[in-house]
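What the coordinates show
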Amino acid sequence: MSFASTPRWPHATVVFLSSVALLAGCGGGDHKDAHHYRADVRRTSYGIVHVRADDEAGLGYGVGHAYAEDNLCLMADQVLTLSGERSRYFGETATVETPLGPVDNRSMDRYMKLLGDDTSVRAAWTAYSPDIQTLLSGYVAGFNRVLRDQGSAQWPKACRGAAWVRPIAKEDLVRLMRFYATLDGLLPLLPLIVDANPATATATGGGPVASLRTLGSRLATASNALALGSEATDTGGGMLLGQPHFGWRGILRMYQVHLTVPGRMDVMGASLPGMPVVAIGFNDRFAWSHTTSAIAHATVYRLKLDPNDPTRYEVDGQYRPMQRRIIERSVRGADGKVRTVSETFYLTDFGWLAIEKGQAFAVRDPNLDNHRMLDHWLALDRAQDLEAVKAAVRRVQGDPWNNLVAADREGRTLFMGASVVPRLTAEQLTACALSPNTQTGAPLLDGTTTTCAWQNDPAAPQPGIFAAADIPALERRDFVHNSNNSAWLTNPAAPLLAASPVISQDGEVPDLRTRLGLLQVIQRLDGSDGEAGRRMSIEQVKAFALNNRVHLADLVLDDLLAACDGPWKRDTDADLREGCGALHAWNRKADLDAGVGLGYLDAWWFLVRSTRPGDAAWRVPYDPADPLHTPRGLATDDALVATQLRDALVLAVQRVRAAGWTPDKRLGDVQMTRIAGRSIPIHGANDELGVYNAQALPVAPDELPMPHEVFWGTSYLQAVSLRPDAIQAFGLLAYSQSSDPDSPHAADQTERFSRKQWIALPFTEAQILADPSVEHRRLAE
């Protein structure tokens, strides 16, 4: 449909905007990036955005314009971070929120100057396809249009009139894409990178590395995804549940969009800020979601430095010089004056230099050279069936750290783990690993020999990574499922085996969230859950995501309560009696009405796992031949273990009380989000408890006191039922579309999430026009 024939939409408010300003004239880039931008932007209830354009320039423009209306200050603040300029405006000691927690401005600026240097940004932009370049240029122009039209006096309160707000440029979005791509690779190791000075390295090998492994195993994201096929649904078509767990604040807040270019794509779902594509979504033929992969997406090499010159490192018996990279930063001092500081970073053939406990390491992430992420998702947005999806993933292979889970209207399901993974063989890991490889985190390798370096595969889209054909994939007619564990249990009836432990660890212990998801599906399909029928409806899929069942309680609570009613019954410790009573009264769910027993179990489990007795607590140990039912039970027959479990419960009660959760309060009283001065209660709990609706409930001793604000957890929910003759799509954005507390869309979906009330997503033209709140604007520049 051309714009000349676009009708006036019924029930719509039509506003015409026009400008002759070129992109170069509004701070958006060079003159060669200038386009004429035209887009139809409609909003339905809850601020959901539908952009229709004749070309990619208009599509990007409409998305950028809409995003600026909802999240101008959030993006402006992130652009400041991406530029490494926070210290210029706020000083070095102030902190900035990141997906892995607060980081001081000095460290963040140093990291971003290294990650987003001009040479790397130019190389990335050049590698983007022309369509991605056009989409991003349009996004920049659309965002800056709002910035310019509103004027600084009308910006949202969080950044109104702020000197640090500026028009964004294409380079800012490139830096943002590099930040996203390395989110679960380099970012966790930021503390070791930003202060890495070879002169401070005194050791040449050996020594403790546990803290490095702990940092490297942290992930900023998580997810659940379930695809049901024709053998598992009540319609015979496919169904898809997507449930990402992302940060509720900052740059990982997802955004709901529907993108249409007639004849090329018509796709709806959600994406991250700055992305003019749909990353998780559906069309009328298939639906897909992502889960954070357990694959290693970075490596750490231990270096042996020259004792006479610590800027040289030994490889194959000879010393090589480190490369130097000099950056300059602007820093505001205590006197208010801004000065420029020059700093030197060091790089090796094995990656960026990192120093830990006097030892020198090199950290390398293949996603530094992955410039295909947006092209990867654009290919999915344009695909018309699962065959096209598979072909796109294998051809582009640009997803940095996700698995793909999909279903189509013919009732087929698909799992693909093809992300960007360092190519290290099983033989290399055996010979080169300096500590046991675990399911997450960067493997620690010997950096003194090139035999431990990444290998090249001509079939891969970039040097040093596995080709997509080597990474596990599975197609089924019943189901595929992933909750961030290894690919081998995607469907227990068809275990996936990997060629290298870097890709997937066969036989690993699945976490409790994975076990819960698989068990609930299997029990539904074999009829052992007690419900009629052996197929799932879309309503059951929606309920499945938010039932808040705590799987740990299924495994241990009966034994714990038996100890309370048995050997501990005569114990007069008041805290023990309180803990036992609250656990008896708790209904084993993490709903808003959950009592303090949930908090006690969470704190108790943290103590059991992190101190004593650890794995010895299990009555039945893990058996890889029965991964869904082991480990289970508590070893209360062991006197020492029983004493440790008892002491952990006493301490858990004390810590939960000190945190502010008292027996008279429910979960809804202590876990919430605050928007515009009001509190909205939020359900869910720590995923370590085996809760599908994961939320970061802070009762560990190093966490925040309660009541607390949710800062991470279920973010965008999507449940889609696909049949040849119809599509039903439901969604929820847990924190709502806008980060501006004064927006009408700052809390509307959050309130529905609190009540578990899904939204029927208006995808077809008839559904959009029938929406009682539909508004339409035609944008042009």
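For the structure, see preceding data.
Because the structure is a prediction, the values reported are computed rather than measured.

Helix and strand content of the chain: 20 helices and 34 strands. Over its C-alpha trace the chain gives a radius of gyration of 26 Å, about what one expects of a compact globule, namely 28 Å for 781 residues. Seen along its three principal axes, the alpha-carbon backbone of the chain occupies a region of about 80 × 75 × 55 Å. Here the chain, with 781 residues, has 62% of them falling under the buried criterion. In the chain, the share of contacts with a sequence separation of at least 24, taken over all contacts with a separation of at least 6, comes to 70%. Of the roughly 27800 Å² that the chain leaves accessible, carbon and sulfur atoms contribute 50%. Computed over 77 positive and 90 negative side-chain charges, the inter-centroid distance for the chain is 3 Å.

With that settled, consider the sheet that holds strand β27 (residues 671–675). The strand order across the open sheet built from 3 strands is β28-β27-β29, with neighbouring strands paired in mixed fashion. In this open sheet, the two edge strands, each paired with only one partner strand, are β28 (678–681) and β29 (708–709). Relative to β28, β27 is paired through 4 bridges, and the arrangement is antiparallel. Following the sheet pairing, T673 is matched in β28 by I680.

Our next topic: the environment of L717. Topologically, L717 is positioned in strand β31 (residues 716–723). The class of L717 is buried, set by a relative accessible area of 0%. For the pair formed by L717 and F753, sequence separation is 36 residues and the distance between their alpha carbons is 9.5 Å. Once you skip the residues sitting within four places of it in the chain, L717 turns out to touch G242, Q243, A545, L546, F730, G731, L732, F753 and W758.

Attention now moves to the state of the cysteines. Enumeration according to the criterion identifies 3 disulfides in this entry. Each sulfur in the disulfide pair C73 and C159 lies 2.1 Å from the other. Its torsion about the S-S bond being -75 degrees, the disulfide of C73 and C159 is classed as left-handed. With a gap of 86 residues between them, C73 in helix α1 (residues 56–82) and C159 in the loop between α5 (130–150) and α6 (170–181) connect regions that are remote in the sequence. Both residues of the pair, C73 and C159, count as buried. In this model C432 forms its disulfide with C452; the gap between the sulfur atoms is 2.0 Å. Every disulfide takes its handedness from the sign of the S-S torsion; for C432 and C452 that torsion is -85 degrees, giving left-handed. You can see C432 sitting in helix α11 (residues 426–432) and its partner C452 sitting in the loop between β22 (444–446) and β23 (473–476), a full 20 residues away along the chain. For the pair formed by C432 and C452, the shared burial category is buried.

Let us now look at the packing of aromatic side chains. For the structure shown, the criterion picks out 13 aromatic pairs. Geometrically, the ring pair formed by Y111 and W352 is edge-to-face, given 6.2 Å between the ring centres and 70 degrees between the ring planes. A residue pair is termed long-range when its members are at least 10 positions apart, and Y111 in helix α3 (residues 105–115) and W352 in strand β18 (residues 351–356) qualify at 241 residues. Of the two residues, Y111 and W352, neither departs from the other in class, the shared state being buried. Ring pairing ties together the aromatic residues W248, Y735 and F753, which thus form one cluster. Sitting above the plane of the W454 ring, R364 keeps its charged end 3.7 Å from the centroid. Of note, K542 hangs over the ring of F730, and the distance from its end group to the ring centre comes to 3.8 Å.

Another aspect to go through is the pattern of salt bridges. Scanning the model with the defined rule gives 47 salt bridges in all. Close ionic contact of D131 with R382 constitutes a salt bridge, the shortest N to O distance being 2.8 Å. Taken together, the positions of D131 in helix α5 and R382 in helix α9 (residues 373–382) put the pair 251 residues apart, joining distant regions of the chain. A residue is classified by how much of its surface remains accessible, and D131, at 27% relative accessible area, is partly exposed. On the accessibility criterion, R382 (26% relative accessible area) is partly exposed.

This brings us to unusual backbone geometry. Backbone torsion omega between T630 and P631 reads -5 degrees, so that peptide bond is classified as cis. In this structure, P631 sits in the loop between β25 (618–620) and β26 (632–634). Of note, the phi angle at D316 is positive, near 55 degrees, even though the residue is not glycine. Mapped onto the fold, D316 is located in the loop between β14 (309–315) and β15 (318–321).

Now for the sheet that holds strand β13 (residues 305–306). Where strands meet in a sheet, backbone hydrogen bonds hold them as pairs that are either parallel or antiparallel. Taken together, 3 strands build an open sheet; the order of strands is β13-β14-β15 and the sheet is antiparallel. The two strands at the open ends of the sheet, each matched to only one other strand, are β13 and β15. Where β13 lies against β14, 2 bridges are found, and the strand directions are antiparallel. Each residue of the ladder has a partner; that of D306, found in β14, is D309.

Glancing now at the packing of helix α14 (residues 551–565) against helix α15 (residues 574–585). Closest axis-to-axis distance for the α14/α15 pair is 10 Å, and the angle between their directions is 135 degrees. Comparing their axes, α15 and α14 come out oblique. The two elements α14 and α15 cross, and the hand of that crossing is left-handed. Contacts between α14 and α15 involve L557, L560, L561, C564 and D565 from the former and R577, C580, L583 and H584 from the latter. Split into classes, the residues belonging to the contact of α14 with α15 amount to 6 nonpolar, 1 polar and 2 charged.

Definitions and cut-offs
Residues numbered from 1 in each chain as written. Predicted model: local features only at pLDDT ≥ 70, side-chain atom pairs only at ≥ 80, totals over all residues. Heavy atoms only, no water. Helix = DSSP H or I, 4+ residues; strand = E, 2+ residues; numbered from the N terminus. Rg over C-alpha atoms; globule rule 2.2 N^0.38 Å. Buried < 20%, exposed > 50% of the residue type's maximum accessible area, 1.4 Å probe, protein only. Contact = heavy atoms within 4.5 Å. Areas by Shrake-Rupley, 256 points an atom, 1.4 Å probe, with all protein chains shown as cover. Lys, Arg positive; Asp, Glu negative; His and termini not counted. Charge placed at Lys NZ, Arg CZ, Asp CG, Glu CD. Pairing = 2+ DSSP bridges. Disulfide = S-S within 2.5 Å. Phe/Tyr/Trp six-rings, centres within 6.5 Å; stacked < 30°, edge-to-face > 60°. Lys NZ or Arg CZ within 6 Å of the ring centre and 35° of its normal. Salt bridge = Lys/Arg side-chain N within 4 Å of Asp/Glu carboxyl O. Axes fitted to C-alpha atoms, helices over the stretch in contact; angles between N-to-C directions. Parallel < 35°, antiparallel > 145°, perpendicular 65-115°, else oblique. Left-handed = near helix turned anticlockwise from the far one by under 90°. Nonpolar A, V, L, I, M, F, W, Y, C, P; charged D, E, K, R; others polar.

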